[in-house]
Amino acid sequence: MSDRSRIAYVDGPRLRRALLAACRSGRRSKAELNRINVFPVADGDTGTNLSLTLEAVAGELAGSRERRVDRVAAAAARSALLGARGNCGMMLSQFLLGFSGGLKGRARASLAEFATALTEGARSLDAAVANPVEGTILTVVRDSASKAVDESRAKGTADFADAMLAMRETARTSLARTPELLPVLAEAGVVDAGAQGFVEMVEGVVGLIEEGEAEGGDGSAEDVHPEWSPIGAAAHPFTHGSRRYCTEILVEGPDLPGEKVVRAALAEGSEELLVIRSEEILKIHLRTDHPGDAIDYCGTLGTVVAHKAEDMLAQFEAARDARGMAVRRPVGVMVDSGSDLPDAVARAHGIHMIPLLLIDGDRTLKDRIDITAEEFHAQLESGGPLPTTSQPPPGDFIAAFEEASTEAEVVVAILVAASLSGIYRSAENANRLAPHLDVRLVDSRGASILIALLALRAAELAEAGMPADGIVAEVERVRQQSGILFTVRNLDRLIASGRVSQFAGWLGGMLDLKPVLGLASDGTVKAYGKARGATRAKKMILDRVADAIPAGAKKVRFGVIHAAAPEMADQLRGELASRYEGAEILVAPITPVIATHLGAGAWGIAYTVED
């Protein structure tokens, strides 16, 4: 370090690089954090939850070119809040929100200003926790921020590198003291998992300063650790409190109440309650025996975008009995990007997604990674040349299966209908080439958001402790009484893909005829009729959906999709909400791989009947 330049200030690019390094380092520690996770519940998921939260932050910052430090901090805080999973993820997002607030209005920050922002983050985190427990991430964050302030006040000190080194040593010392402050950690012979995750993030920033940016990959490869885990020796999962379901709820809306109002409403019968509001977003984490009541209450505040309720007892038993070198949950869920699964839902449930491919000249684009739905919809509207589509090769599937298997003993992969694409066949080939992995393939006999609805059901069953065989059987049962219908603005893209003849397309355009199409229970495309104009097409689809749902059905979910037609998606959501009070409705833009076949202006409705 002696030959390095002094770092006198932090601007947007420097903060971005530091946060990405922190994310890489934190994600590398996933398996070890899961292994030592005994507080507040011995369920072995702190590493997974922190990794998913950091993945959301890294995804937001990866392509940023923002120069202002306050805007980079704000983007990191917002993405952390949206992607926050588990108690540790919520606490990290609260810290980043406070940190971001401390930098507001600054294009770049001196060491003193940066230290003040860290202190604001620590104070924000302390204030958000109703019943703070020392010996956790709270303690280590507070001690680290205090050291940064001391360094900024030291005579002659104006170098971020020296300050970060001192901060790392303080964080390490504070982490080592966590067993002294929290007896359950001393009994298990470990430090606090969430606190160690924060220290790993600090280590990543110091590593960036000392060694420069890592070359190749995202740096998130799994660490290696002994097979033994203290969770295996635990007699009971609830080392702090007794409530069974870890519940998280994401609400969006223009007139959300403040944190204190929501906290008061949810306080009775809950533990580990954290409520965070940032502008039009409200994120809630709690442990409760009645998650449905909390979700229903949040539905009165705004739109519940995503929610999950994970059975801590089932997760503890799985972690205690875990096989091999990692503490993992029993079942994980995977989909392909053609599922149109909303990001918020995927993050809430930890659902893995393998991107489909688009071939644009000599470039191969990963669906929803290299090109977003909104970007592709704009390209559709412009009328320019469009890329072709392709399924991932078996090698990509094997890599995705291996990644998902780091978090779950068994992976249930729900994929686009084999009758529509070669995607399922490629996954079958990959599965044969990876016999060391336990992957159960499910032919959804569907596409788009219908797959998302099935995957959501599978994730909920996994969180409730159902084994993989039962989940597969239930998904296949639900698919038999579910469906998807859609229409298009015009037939141009269907003609280009060979789905209809040139003459039929010309006639349809002349008469403003909208084809109403869908997928039968075997996954084949079925024509349900034609309607003149969008209004009649909407009525036809809504009426056919109503006819398909049995009278008295109590557990029905809907999905609404659109390609550059958000106004129609809003209308459909409103119609469904008024007809089916309390039903969950997912809304998503159509992914590029599917939109290229349907064209701009396409929209549709999927439904699942679960009772």
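Worth saying up front: this structure is predicted, and the values here are computed from it rather than measured. (Residues numbered from 1 in each chain as written. Predicted model: local features only at pLDDT ≥ 70, side-chain atom pairs only at ≥ 80, totals over all residues. Heavy atoms only, no water.)

S.K.: What is the right way to look at the overall build of the chain in this model?
M.R.: Check the secondary structure of the chain and you find 25 helices and 19 strands. Computed over C-alpha atoms, the radius of gyration of the chain comes to 25 Å, within 12% of the 25 Å expected from 2.2 N^0.38 for 611 residues, which places it in the range of a compact globule. Taking the principal axes of its C-alpha atoms as reference, the chain extends roughly 80 × 50 × 50 Å. A buried classification covers 57% of the 611 residues belonging to the chain. Looking at the chain alone, contacts between residues at least 24 apart form 77% of all its contacts between residues at least 6 apart. (Helix = DSSP H or I, 4+ residues; strand = E, 2+ residues; numbered from the N terminus. Rg over C-alpha atoms; globule rule 2.2 N^0.38 Å. Buried < 20%, exposed > 50% of the residue type's maximum accessible area, 1.4 Å probe, protein only. Contact = heavy atoms within 4.5 Å.)

S.K.: Explain the nonpolar core here, please?
M.R.: Within soluble globular proteins, side chains that are nonpolar tend to cluster in buried spots. The biggest cluster of nonpolar side chains holds 158 residues, and the ones touching the most others in it are Leu15, Phe401 and Ile414. Element by element, the count of residues in this core is highest for helix H19 (residues 449-463), at 12 residues. Core analysis: the next-biggest nonpolar cluster, separate from the first, contains 22 residues, Val516, Ala531, Ile541 and Val609 among them. (Core = buried A, V, L, I, M, F, W, Y, C linked by side-chain atoms within 4.5 Å.)

S.K.: Please explain the pairing of strand E13 (residues 439-443) as it appears in this structure.
M.R.: Each regular strand displays side chains that alternate between the two surfaces of the sheet. Pairing between strand E12 (residues 408-415) and E13: five bridges, direction parallel. Its bridge partner lying in E13, Val412 is registered against Arg440. Handedness of the crossover joining E12 and E13 through helix H18 (residues 423-433): right-handed. (Pairing = 2+ DSSP bridges. Right-handed = clockwise from strand over helix to strand, strands pointing away.)

S.K.: Would you mind showing me how to read the packing of aromatic side chains here?
M.R.: What describes a pair of aromatic rings is the distance from one ring centre to the other and the angle between the planes of the rings. This structure, assessed with the given rule, holds six aromatic pairs. Note on Phe95 and Phe198: the rings are 5.9 Å apart at their centroids and 85° apart in plane angle, and the pair reads as edge-to-face. Placement of Phe95 in helix H5 (residues 86-102) and of Phe198 in helix H11 (residues 193-211) is noted, with a sequence separation of 103 residues between them. Neither residue differs from the other here; Phe95 and Phe198 are each classed as buried. Relative to Tyr580, the ring of Phe558 has its centre 4.8 Å away and its plane inclined at 45°; by these criteria the two rings are tilted. Of the two residues, Phe558 sits in strand E17 (residues 556-562) while Tyr580 sits in the loop between helix H24 (566-579) and strand E18 (584-589), which places them 22 residues apart along the sequence. With respect to burial, Phe558 and Tyr580 carry one shared label: buried. One aromatic cluster in this structure is built from Phe95, Phe99, Phe114, Phe160 and Phe198. A cation sits over an aromatic face here: Arg14 above Tyr9, 4.4 Å from the ring centre. When the ring centre of Tyr9 is taken as origin, the NZ or CZ atom of Arg108, which lies over that ring, is 4.0 Å away. (Phe/Tyr/Trp six-rings, centres within 6.5 Å; stacked < 30°, edge-to-face > 60°. Lys NZ or Arg CZ within 6 Å of the ring centre and 35° of its normal.)

S.K.: I tried to follow the packing of helix H1 (residues 12-28) against helix H4 (residues 69-83) on my own but got confused; where do I start?
M.R.: In helix packing, the relevant descriptors are the interaxial angle and the interaxial distance, both defined with respect to the helix axes. The interhelical angle for the contact between H1 and H4, taken along N-to-C directions, is 30°, at an axis separation of 7 Å. Overall, the two elements H1 and H4 adopt an arrangement that is roughly parallel. Once H1 is placed against H4, the crossing between them reads as right-handed. Where H1 abuts H4, its residues Gly12, Leu15, Arg16 and Leu19 lie against Val69, Val72, Ala73 and Ala76. (Axes fitted to C-alpha atoms, helices over the stretch in contact; angles between N-to-C directions. Parallel < 35°, antiparallel > 145°, perpendicular 65-115°, else oblique. Left-handed = near helix turned anticlockwise from the far one by under 90°.)

S.K.: I tried to follow the state of the cysteines on my own but got confused; where do I start?
M.R.: Note on terminology: a disulfide is the covalent bond linking the sulfur atoms of two cysteines. Using the criterion set out here, one finds zero disulfides in the structure. Summary of cysteine pairing: Cys88 is not part of a disulfide, and the nearest cysteine sulfur, belonging to Cys246, is at 9.7 Å. For Cys88, a relative accessible area of 9% puts it in the buried group. Between Cys298, a free cysteine, and Cys246, which holds the nearest cysteine sulfur, the sulfur-to-sulfur gap is 14 Å. What makes Cys298 buried here is its relative accessible area of 0%. (Disulfide = S-S within 2.5 Å.)

S.K.: I would appreciate a short explanation of unusual backbone geometry in the present structure.
M.R.: Here the amide bond leading from Phe39 into Pro40 is cis, since omega sits at 0°, within 30 degrees of zero. Along the chain, the position of Pro40 falls in the loop between helix H2 (30-36) and helix H3 (46-61). Positive phi is not limited to glycine here, since Arg368 has a value of about 70°. With respect to the helices and strands, Arg368 occurs in the loop between strand E10 (363-366) and helix H16 (373-382). A positive phi is found at Ala564, a non-glycine position, where the angle reads about 60°. You can see Ala564 is positioned in the loop between E17 and H24.

S.K.: Before we go on, may I ask you to explain H5 in this structure?
M.R.: Each α-helix winds once per 3.6 residues, and so residues spaced three or four apart point in a common direction. A rise of 1.5 Å per residue sets the reference length of H5, with its 17 residues, at 24 Å; its end C-alpha atoms lie 25 Å apart and thus fit the reference within 8%. Counting buried residues in H5 gives 16 out of 17 residues, a clear majority hidden from the surface. (Expected span 1.5 Å × (residues − 1).)

S.K.: So what exactly am I meant to see when it comes to the pattern of salt bridges here?
M.R.: Side-chain pairs of opposite charge can arise whenever the charged atoms involved come near each other. A complete count under the given rule lists 38 salt bridges for this structure. A salt bridge links Glu151 to Lys147, with the nearest nitrogen and oxygen atoms 3.7 Å apart. A residue pair is termed a helical-turn pair when its members lie 3 or 4 positions apart in one helix, as Glu151 and Lys147 do in helix H7 (residues 137-153) at four residues. Across the salt bridge formed by Glu584 and Arg557, the nearest N and O atoms sit 2.8 Å from each other. One end of the pair, Glu584, is in strand E18; the other, Arg557, is in strand E17, with 27 residues separating them in the sequence. Grouping residues by exposure puts Glu584 and Arg557 together as buried. (Salt bridge = Lys/Arg side-chain N within 4 Å of Asp/Glu carboxyl O.)

S.K.: Mind showing me how you'd approach the sheet that holds strand E14 (residues 483-487) here?
M.R.: Each strand in a sheet pairs with its neighbour through backbone hydrogen bonds, running either in the same direction (parallel) or in the opposite one (antiparallel). Pairing in this open sheet of six strands is mixed, and the strands run E16-E15-E14-E19-E17-E18 from one edge to the other. In this open sheet, the two edge strands, each paired with only one partner strand, are strand E16 (525-532) and E18. Taking the axes of each pair of neighbouring strands and ignoring which way they run, one obtains an average angle of 20° across the sheet. Bridging between E14 and strand E19 (residues 603-609) involves five bridges; their strand directions are antiparallel. The residue bridging Phe486 from the neighbouring strand is Gly604, located in E19.

S.K.: Whenever I open this one, the environment of Ile451 confuses me. Can you help?
M.R.: You can see Ile451 is positioned in helix H19. Of the residues examined, Ile451 reaches a relative accessible area of 0% and is grouped as buried. Sequence separation of Ile451 and Thr300 is 151 residues, and the distance between their C-alpha atoms is 28 Å. Residues contacting Ile451, with those up to four places away along its chain left out, are Val335, Ser339, Ile414, Leu415, Val416, Ser444 and Gly446.

None of the figures reported here should be taken as evidence of function without further support.
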